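Residue strings, one per chain:
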Amino acid sequence: MTRIRRGYIARRRRTKIRLFASSFRGAHSRLTRTIIQQKIKALFSAYRDRDRHKRNFRCLWVTRINAAIRENAASCSYSTLINNLYKRQLLLNRKILAQLAILNRNCLYLISNDTIK
């Protein structure tokens with residue numbers, strides 16, 4: 001009886017998985033079962049941490065704005081600044097306000113003093 005060669009579909013699937021895990025270390029890039037497990041873990045972590053990344057940056061921006069506002073002579077808190085901005089309908093997001101706090105404090109002070117009046 002002649003030898004029967006298997007198809008290529010399973011091999012193609014495994015090589016595609018191996019390409020994903022080619023940068024992993026040790027058995028995580030060599031053994032098919034552990035590659036599949038690590039792929040699931042990596043994709044889940046990436047999905048979870050996308051929201052965590054946004055959350056961390058928003059927290060950083062809030063901290064920077066609050067620190068810059070409290071240094072001002074007419075000091076007010078972060079929450080009163082944001083409340084006054086909403087009352088005045090000034091649509092400046094926290095990322096822009098944090099950049100102003102770092103690069104141009106005087107501009108941030110002007111904005112905060114204008115919203116208080």
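Residues numbered from 1 in each chain as written. Predicted model: local features only at pLDDT ≥ 70, side-chain atom pairs only at ≥ 80, totals over all residues. Heavy atoms only, no water.

**Q** Help me understand the overall build of the chain, please; the structure alone is not making it clear to me.
**A** A tally of regular secondary structure across the chain gives five helices and zero strands. Moving toward the C terminus, one meets the helices and strands of the chain in the order α-α-α-α-α. Relative to a compact globule of 117 residues, whose C-alpha radius of gyration would be 13 Å, the chain shows 27 Å and is clearly more extended. Projected onto its principal axes, the C-alpha coordinates of the chain cover approximately 95 × 30 × 20 Å. Of all 117 residues assigned to the chain, the portion counted as buried reaches 21%. Relative to all contacts within the chain whose residues are 6 or more apart in sequence, the contacts with residues 24 or more apart total 45%. Accessible surface, the chain as shown: approximately 9,600 Å² in total, 56% of it carbon and sulfur. Across the chain, the 28 positively charged side chains and the 4 negatively charged ones have centroids separated by 22 Å. (Helix = DSSP H or I, 4+ residues; strand = E, 2+ residues; numbered from the N terminus. Rg over C-alpha atoms; globule rule 2.2 N^0.38 Å. Buried < 20%, exposed > 50% of the residue type's maximum accessible area, 1.4 Å probe, protein only. Contact = heavy atoms within 4.5 Å. Areas by Shrake-Rupley, 256 points an atom, 1.4 Å probe, with all protein chains shown as cover. Lys, Arg positive; Asp, Glu negative; His and termini not counted. Charge placed at Lys NZ, Arg CZ, Asp CG, Glu CD.)

**Q** Teacher, can you tell me more about the side chain of arginine 94 here?
**A** Mapping arginine 94 onto the fold places it in helix H4 (residues 94-103). In this structure, arginine 94 is buried with no salt-bridge partner, the nearest side chain bearing the opposite charge being aspartate 51 at 16 Å. There is a polar contact of 2.6 Å between the side chain of arginine 94 and the side chain of tyrosine 78. In this structure arginine 94 touches Arg58, Trp61, Val62, Ile65, Tyr78, Ile82 and Tyr86, once residues within four positions along its chain are discounted. (Salt bridge = Lys/Arg side-chain N within 4 Å of Asp/Glu carboxyl O. Polar contact = N/O pair within 3.5 Å; in protein donor to acceptor, adjacent residues only side chain to side chain.)

**Q** Whenever I open this one, the pattern of salt bridges confuses me. Can you help?
**A** Side chains that differ in sign of charge can pair as their charged atoms come close. With the rule as written, the count across this model stands at three salt bridges. Between arginine 48 and aspartate 49 there is a salt bridge, with the nearest N and O atoms lying 3.1 Å from each other. Overall, the relative accessible area of 34% leaves arginine 48 in the partly exposed class. The salt bridge partner of glutamate 71 is arginine 105, with a shortest N-O separation of 2.7 Å.

**Q** Would you mind going over unusual backbone geometry with me for this structure?
**A** Glycine aside, the phi torsion of most residues is negative, and most peptide linkages are trans. Even without being a glycine, glutamine 89 presents a positive backbone phi close to 60 degrees. Positionally, glutamine 89 belongs in the loop between helix H3 (78-87) and H4.

**Q** How do you make sense of a positive patch on the surface when you look at a structure like this?
**A** Taken together, Arg6, Arg13, Arg14 and Arg18 make up a surface patch of like positive charges. Within the secondary structure, arginine 14 sits in helix H1 (residues 9-20). (Patch = residues over 30% accessible without salt bridge, like charges linked within 9 Å, V, L, I, M, F, W, Y side chains within 5 Å.)

Function-wise, these values are silent; they only describe arrangement.
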